[in-house]
There are 2 protein chains.
Amino acid sequence: MKTDHPERGRLQAAPTLAAGASAIERRRFLTTLTGAGTVLASSRSFAWEPGEPLPVPDSMRVLGKPVAADAYGNPSPHESNVIRRQSPGLTRTNESSIAFAPLQSLFGIITPNGLHFERDHVGRADVDPYTHQLAIHGLVAKPKRYTLDALLRMPSVSRIHFIECGANTGMEWGNAAVPTVQFTHGMLSCAEYTGALLSTLLDDVGVDHKRARFILAEGADGAALTRTIPIEMALDDVMVVYGQNGEMLRPENGYPLRLLVPGVQGVSSVKWLRRIEVGDQPWHTREETLHYSDLMPDGKSRQFTWIQEAKSVITSPSGAMTLFDKGGYYEITGLAWSGRGRIKRVDVSTDGGRQWQTAQLQTPVLSKALTRFRFDWVWDGEPALLQSRCIDETGYVQPSIRALREVRGTRSIYHNNAIQTWQVLASGEVRNVQV
Amino acid sequence: MKTDHPERGRLQAAPTLAAGASAIERRRFLTTLTGAGTVLASSRSFAWEPGEPLPVPDSMRVLGKPVAADAYGNPSPHESNVIRRQSPGLTRTNESSIAFAPLQSLFGIITPNGLHFERDHVGRADVDPYTHQLAIHGLVAKPKRYTLDALLRMPSVSRIHFIECGANTGMEWGNAAVPTVQFTHGMLSCAEYTGALLSTLLDDVGVDHKRARFILAEGADGAALTRTIPIEMALDDVMVVYGQNGEMLRPENGYPLRLLVPGVQGVSSVKWLRRIEVGDQPWHTREETLHYSDLMPDGKSRQFTWIQEAKSVITSPSGAMTLFDKGGYYEITGLAWSGRGRIKRVDVSTDGGRQWQTAQLQTPVLSKALTRFRFDWVWDGEPALLQSRCIDETGYVQPSIRALREVRGTRSIYHNNAIQTWQVLASGEVRNVQV
């Protein structure tokens, strides 16, 4: 195991993901029917004989809770294992850290706000929405400050997009280091975002179209996190966002205001957005020099690798799950996405990439959004190597880890979009491997 | 005010909706800039003079909270007014009641799970996912019982659909009875649902295609709520759902299993689903005879009016908001939906329906899902009557309340899909009216 990245060596201590799945999700793979009325101990469904009385559950014998029980709702207590988690040993503090989304337990493409991954640089900022302002200045005719109220009053758009941290899957450059899809790919979420197009604001301040080539976005956190963004993106689909999945942003996702740079590594979607400066060259800030650059085999670093290239991962079955049903049907399902547009196709292999078959894509397939794919599979009880490989609308094909390493070496952290392999053992255990 | 419906007369006691909007949403309409750095007391944005120092907020001076602060996240405390509410006096108990979604504060089309409306008949059932089973019997070759585990293992689909209670806007048959869009239209939500198609299950039990004409769905609540559903729907797009917006259903929305009958009044999407019977005629249960039938002017009741016809409503500006900015820009925005498919067009009027202009529709426009529309408006400070009118892909046009009453009279509760009017007074106050 490579340990040149100081945070990487400790990851073997991560817990197995039986603890990372929901009560139900664990049943899905670890099942033996222990419930009342069980007839066949290893069956998935069972015949119901005519005349056999249907058990009447307690829930039908009592008055339920009032509808006012919770004016803002919460998940069932049975789902208390479906949570964001830190990867043990990955970061030195809990403030400059990451809480990974439990992809193994999620359905569809929408990440519920309570489970959206969190990446903070100097902790989760507590911003007062009544005093918060966004300043826009630099190469503009009329520098302005906007209250949140002003921004909420502007013409708005709502769009479904993914956000993926550039460091997602960053522990896997050297070897298969972490056990579960929560930790291999969980710096990834997708939501319906609402806000103003940044182009609307840049129009409002009179951006100098002749000279403007970049913008700088700054957050109101202790890191004063700053990122350079090309003006072409800023004038295209970049949004100044206040809404996420129908409600206001959560504090951990930038309440009350964040930038959203669709398709670009998450750090550029600056949270707690307070300032945008328009300039004619990149700023070369800390988070685009010391961090978020790609160390290449020749010792040089690639900088400003904004785009999250096409990538996919099987979320179920995935690492630390166990398949108990030899000869049984399993739906292989996962997520695909591309920072360059729509996913065109996802292929699935159950033999480590020798043969590929096309998976079903859930519609709608949206640009720069997660796409859910599904593939019918009957597990014959033999060892298997499960992989997914996506192709986006530009024709780009997700690479193998070997092909990626040939170009990038093993010393990178960011932009690992390699094909993920899950090994199914004859015992049914599923492990993270690299082939 | 009509009071023939015993629950209707008390609704005037409902609070004004200033209390129903978020802290931010209230600022949106009630704004005076009271924050630090305020320059112009009634401005929406203001010039930032070169050299003027940008205030440094407290959030930049301190270490933020750790990422592990909440493994399952919650909204900002500043948003504590964005909650589901009961309409005062509407129901005699809090168990057979409704919690309305705060449409005035929502963005886009996805309703966050914590704010999805709730309608219970005998309270919110507490169902054990480990023992819960779904039985399917009747005109089938192989009656079966399915554990939740079995259902989670089956081929799945994820689709974005609205659910609207048949009684939504039911207080408005006689006059404009309730003050806010939360209470006029808040029995409405939209989510990405995941589950198995019911057709997959009916195949599995060997449904008798020659004789089957209806199914009965039964819930595991104290009401043993039962509804008849035509077999054509059951074999088309009806789903047996466990996932909602990426996670397991919430308890108030049927955890761990519900039916979803897209486009049909919400009561048919039976929560806590425990039994499906296949038969050759309707069952005429309590909830399709005593309730959920439409009392017509001739004293007869129309039964089995399943479909939610095309409908729209402006959610902002809406009742109990106040516009303070004469001559200022306002984005008129709202929701449109149809139980028969896609929304084709939404028109907006600001003069009570004399002139109509076409609104922008947010893409993707999905079948039997909410569609967000937007319309640019500069309020001239004069009284106005705001309306929206939608047309679905079948060509059906949302009717005025007068046209609807001509056919339906005023004694109905269900299936009121009339055009909603919000009156803007010269003072800026917005009121629910009928014209």
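What counts, and at which threshold
Residues numbered from 1 in each chain as written. Chains lettered and ligands numbered in written order. Predicted model: local features only at pLDDT ≥ 70, side-chain atom pairs only at ≥ 80, totals over all residues. Helix = DSSP H or I, 4+ residues; strand = E, 2+ residues; numbered from the N terminus. Buried ≥ 20, exposed ≤ 12 C-beta atoms within 10 Å, placed from the backbone. Contact = placed C-beta atoms within 7 Å. Pairing = 2+ DSSP bridges. Axes fitted to C-alpha atoms, helices over the stretch in contact; angles between N-to-C directions. Least-squares fit on C-alpha atoms with pLDDT ≥ 70 in both. Nonpolar A, V, L, I, M, F, W, Y, C, P; charged D, E, K, R; others polar. Arc of directions from axis to C-beta. pLDDT = per-residue confidence, 0-100. Core = buried A, V, L, I, M, F, W, Y, C linked by C-beta atoms within 7 Å.

## Side note on the overall build of chain A
Helix and strand counts for chain A come out as six helices and 24 strands. The buried share among the 435 residues of chain A stands at 56%. Here the contacts in chain A between residues at least 6 apart in sequence split such that 72% fall between residues at least 24 apart.

## A look at the sheet that holds strand β4 (residues 133-138) of chain B
Where strands meet in a sheet, backbone hydrogen bonds hold them as pairs that are either parallel or antiparallel. Here we have six strands laid out as an open sheet, ordered β1(A)-β5(B)-β4(B)-β13(B)-β8(B)-β9(B), and mixed in their pairing. On the outer flanks of this sheet lie β1 (45-47) of chain A together with β9 (226-230) of chain B, each paired with one strand and no other. Neighbouring strand axes in the sheet, compared pairwise and without regard to direction, differ in orientation by 20° on average. As defined by bridge partners, β4 of chain B adjoins strand β13 (residues 273-279) of chain B across four bridges and the pair is classed as parallel. For glycine 138 of chain B, the partnering residue across the bridge sits in β13 of chain B and is valine 278 of chain B.

## Comments concerning the relation of the copies chain B and chain A
The two copies are related by a screw operation: chain B maps onto chain A through 180° of rotation and 0.0 Å of translation along the axis, at an RMSD of 0.0 Å. Taken together, the turn and the small shift mark the pair as related by a two-fold rotation axis. When the interface residues of chain B are mapped onto chain A, 100% of them are again interface residues, pointing to one common binding face.

## Describing the interface of chain B and chain A
Residue-level contacts link 111 residues of chain B with 111 residues of chain A. For the side of chain B that touches chain A, the class distribution of residues is 52 nonpolar, 32 polar and 27 charged.

## So, the pairing of strand β10 (residues 239-244) of chain B
Residues in a regular strand point their side chains to alternate faces of the sheet. Residue and element names in this part refer to chain B. By the criterion of burial, β10 is predominantly enclosed, with six of the six residues buried. Relative to β10, strand β7 (residues 188-197) runs antiparallel, the two being bridged by five bridges. Paired with glycine 195 across the two strands is valine 241, which belongs to β10. In terms of strand pairing, β10 meets strand β11 (residues 247-248) through two bridges, oriented antiparallel. Counted as the bridge partner of glutamine 244 is glutamate 247 from β11. Counted between consecutive antiparallel strands, the loop separating β10 from β11 contains two residues, among which asparagine 245 sits at a positive phi close to 50°.

## Comments concerning the pairing of strand β5 (residues 144-147) of chain B
By the alternation rule, side chains of β5 of chain B split into Lys144 and Tyr146 of chain B and Arg145 and Thr147 of chain B, which are all buried. Judged from the three bridges that link them, β1 of chain A and β5 of chain B form a sheet pairing that is antiparallel. Note on β5 of chain B: the bridge partner recorded for serine 45 of chain A is tyrosine 146 of chain B. The sheet contact formed by β4 of chain B and β5 of chain B spans four bridges and is antiparallel. Counted as the bridge partner of alanine 135 of chain B is arginine 145 of chain B from β5 of chain B. Here β4 of chain B folds back onto β5 of chain B, and the loop between the two strands holds five residues.

## Overview of the sheet that holds strand β16 (residues 311-316) of chain A
All names here are of chain A. Pairing is antiparallel across the open sheet formed by four strands, whose spatial order is β16-β17-β21-β20. Of all the strands in the sheet, the pair left with one neighbour each is β16 and β20 (360-361). Here two bridges tie β20 to strand β21 (residues 371-378), and the two strands are oriented antiparallel to one another. Note that in β21 the partner of leucine 361 across the bridge is phenylalanine 373.

## What to know about helix α6 (residues 401-408) of chain A
Residues and elements named next belong to chain A. Those residues of α6 lying buried are Ile401, Leu404 and Arg408. Looking down the long axis of α6, one finds its buried residues gathered within 65° of arc, a one-sided arrangement. Opposite the packed face of α6, turned more than 90 degrees from it, sit the exposed residues Arg402, Glu406 and Val407. Buried residues belonging to α6 abut β14 (294-295). Taken from the residues just after α6, glycine 409 is the one with a positive phi, measuring 70°.

## What to know about the confidence of the model for chain A
Residues and elements named next belong to chain A. Residues at a pLDDT of 70 or more form 90% of chain A, whose mean pLDDT is 90. Counted against residues more than four places away or in other chains, residues 1-21, with its pLDDT under 50, gives 54 contacts. Here residues 23-43 is modelled with pLDDT under 50, and outside its nearest four sequence neighbours on either side it reaches 42 contacts, counting other chains as well.

## Some words on the nonpolar core
Judged by nonpolar contacts, the single largest core of 220 residues is most densely connected at Leu151 and Val240 of chain A together with Leu151 and Val240 of chain B. Once residues within four sequence positions are removed from consideration, valine 240 of chain A is found in contact with Leu134, Leu151, Gly195, Ala196, Leu198, Leu201, Leu257, Leu259 and Leu273 of chain A.

## Digging into unusual backbone geometry
At the junction of threonine 363 of chain A and proline 364 of chain A, the peptide bond is cis and its omega measures out at 0° in the coordinates. If you trace the backbone, proline 364 of chain A turns up in the loop between β20 and β21. The omega angle of the peptide bond from serine 316 of chain B to proline 317 of chain B is -5°, so this bond is cis rather than trans. Summarising the element assignment, proline 317 of chain B is placed in the loop between β16 (311-316) and β17 (329-337). Within the chain, threonine 169 of chain A stands out as a residue other than glycine whose phi angle is a positive 65°. Relative to the assigned elements, threonine 169 of chain A resides in the loop between β6 (157-164) and α3 (181-185). The exposure class assigned to threonine 169 of chain A is buried, which follows from the 27 C-beta atoms found within 10 Å. We note that tyrosine 292 of chain B has phi near 60°; this positive angle belongs to a residue other than glycine. Take tyrosine 292 of chain B: it is sitting in the loop between β13 and β14 (294-295).

## Observations regarding the environment of isoleucine 98 of chain B
Structurally, isoleucine 98 of chain B can be placed in strand β2 (residues 97-99). Owing to 24 C-beta atoms within 10 Å, isoleucine 98 of chain B belongs among the buried residues under this scheme. Between the alpha carbons of isoleucine 98 of chain B and tyrosine 396 of chain B there is a distance of 29 Å; along the sequence they are 298 residues apart. In this structure, isoleucine 98 of chain B is in contact with Val67 of chain A together with Gln86, Leu90, Thr91, Phe117, Glu118, Arg119 and Met187 of chain B, ignoring residues within four places of it in sequence.

## Considerations on the environment of glycine 186 of chain B
Residue and element names in this part refer to chain B. You can see glycine 186 is positioned in the loop between α3 (181-185) and β7. The buried category is assigned to glycine 186, around which 29 C-beta atoms lie within 10 Å. As a C-alpha pair, glycine 186 and aspartate 376 span 190 residues in sequence and 24 Å in three-dimensional space. In contact with glycine 186, other than residues within four places in its own chain, are Phe100, Ala101, Pro102, Leu103, Phe117 and Val181.

## Here we look at the environment of isoleucine 332 of chain B
Residue and element names in this part refer to chain B. By secondary structure assignment, the location of isoleucine 332 is in strand β17. In this structure, the C-alpha to C-alpha distance between isoleucine 332 and serine 316, residues 16 residues apart in sequence, is 5.8 Å. The residues contacting isoleucine 332, other than those within four sequence positions of it, are Ile314, Pro317, Val348, Phe375, Trp377 and Leu386.

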